[in-house]
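Breakdown of the fold
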Amino acid sequence: MSELDVMKAMLNRIGTGYGLRDDHNPDGTAVLIETGPDESDFYVTQFWFDSEGVLQEVMGGKGEVF
């Protein structure tokens, strides 16, 4: 089981919503989690995994309202 698989299983077990995005430079997957009190005041944490499912980088910041 890769680190990506473990992270998804953990998030599913605790019931936290998340999104997945395929990245292609380099190939891999990003896991995005939004947290905050409402749609206009929230933060996004992104976890980047390579094509082997190994965690490469974590970044967080204030979410953008569209």
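For the structure itself, consult the block above.
Quantities reported herein were computed from a predicted structural model and do not represent experimental measurements.

Now for the layout of surface pockets. Reported here for the largest pocket is a volume of approximately 170 Å³. Lining the largest pocket, in full, are Leu32, Glu34, Phe42, Val44, Gln46, Met59, Gly60, Gly61, Lys62, Gly63, Glu64 and Phe66. Counting residues per element, the lining of the largest pocket draws most heavily on strand S4 (residues 55-62), at four residues. Residues of the lining of the largest pocket, tallied by class, amount to five nonpolar, four polar and three charged.

Successive residues of a regular strand alternate their side chains across the two faces of the sheet. Strand direction decides the pairing type here: strand S2 (residues 27-38) and strand S3 (residues 41-50), joined by nine bridges, are antiparallel. Across the sheet, Ile33 pairs through a bridge with Thr45, a residue of S3. Linking S2 back to S3 in an antiparallel pair, the connection comprises two residues. The turn linking S3 back onto S4 is made up of four residues, and Gly53 within it adopts a positive phi angle of 85°.

Attention shifts here to the nonpolar core. One finds Leu4, Met7, Leu11, Val31, Ile33, Phe47 and Phe49 forming the largest nonpolar core, which totals seven residues. For this core, the elements supplying multiple residues, two or more each, are helix H1 (3-14), S2 and S3. The leading source of residues in this core is H1, at three residues. Not counting the four nearest positions on each side in its chain, Phe49 is found in contact with Glu3, Leu4, Met7, Asp27, Gly28, Thr29, Val31, Val54, Leu55 and Gln56.

Turning next to the sheet that holds strand S1 (residues 19-24). Taken in spatial order, the four strands make up an open sheet running S1-S2-S3-S4, and their pairing is antiparallel. A strand with exactly one partner marks an edge of an open sheet, and here the two such strands are S1 and S4. The sheet shows a mean angle of 20° between the axes of neighbouring strands, direction not considered. The sheet contacts of H1 involve S1, S2, S3 and S4, and relative to S2 the element is tilted by about 25°.

Okay, the packing of aromatic side chains next. Evaluated as defined, the whole model comprises zero aromatic pairs. Here the basic side chain of Lys62 rests over the ring of Tyr43, its NZ or CZ set 5.2 Å away from the ring centre.

The rules we used
Residues numbered from 1 in each chain as written. Predicted model: local features only at pLDDT ≥ 70, side-chain atom pairs only at ≥ 80, totals over all residues. Heavy atoms only, no water. 1 Å grid on protein atoms, 1.4 Å probe; cavity = no way out; pocket = protein on both sides within 12 Å on 5 of 7 lines; lining within 4 Å. Points joined across faces, edges and corners; volume = space filled by probe spheres on them. Helix = DSSP H or I, 4+ residues; strand = E, 2+ residues; numbered from the N terminus. Nonpolar A, V, L, I, M, F, W, Y, C, P; charged D, E, K, R; others polar. Pairing = 2+ DSSP bridges. Core = buried A, V, L, I, M, F, W, Y, C linked by side-chain atoms within 4.5 Å. Buried < 20%, exposed > 50% of the residue type's maximum accessible area, 1.4 Å probe, protein only. Contact = heavy atoms within 4.5 Å. Axes fitted to C-alpha atoms, helices over the stretch in contact; angles between N-to-C directions. Phe/Tyr/Trp six-rings, centres within 6.5 Å; stacked < 30°, edge-to-face > 60°. Lys NZ or Arg CZ within 6 Å of the ring centre and 35° of its normal.

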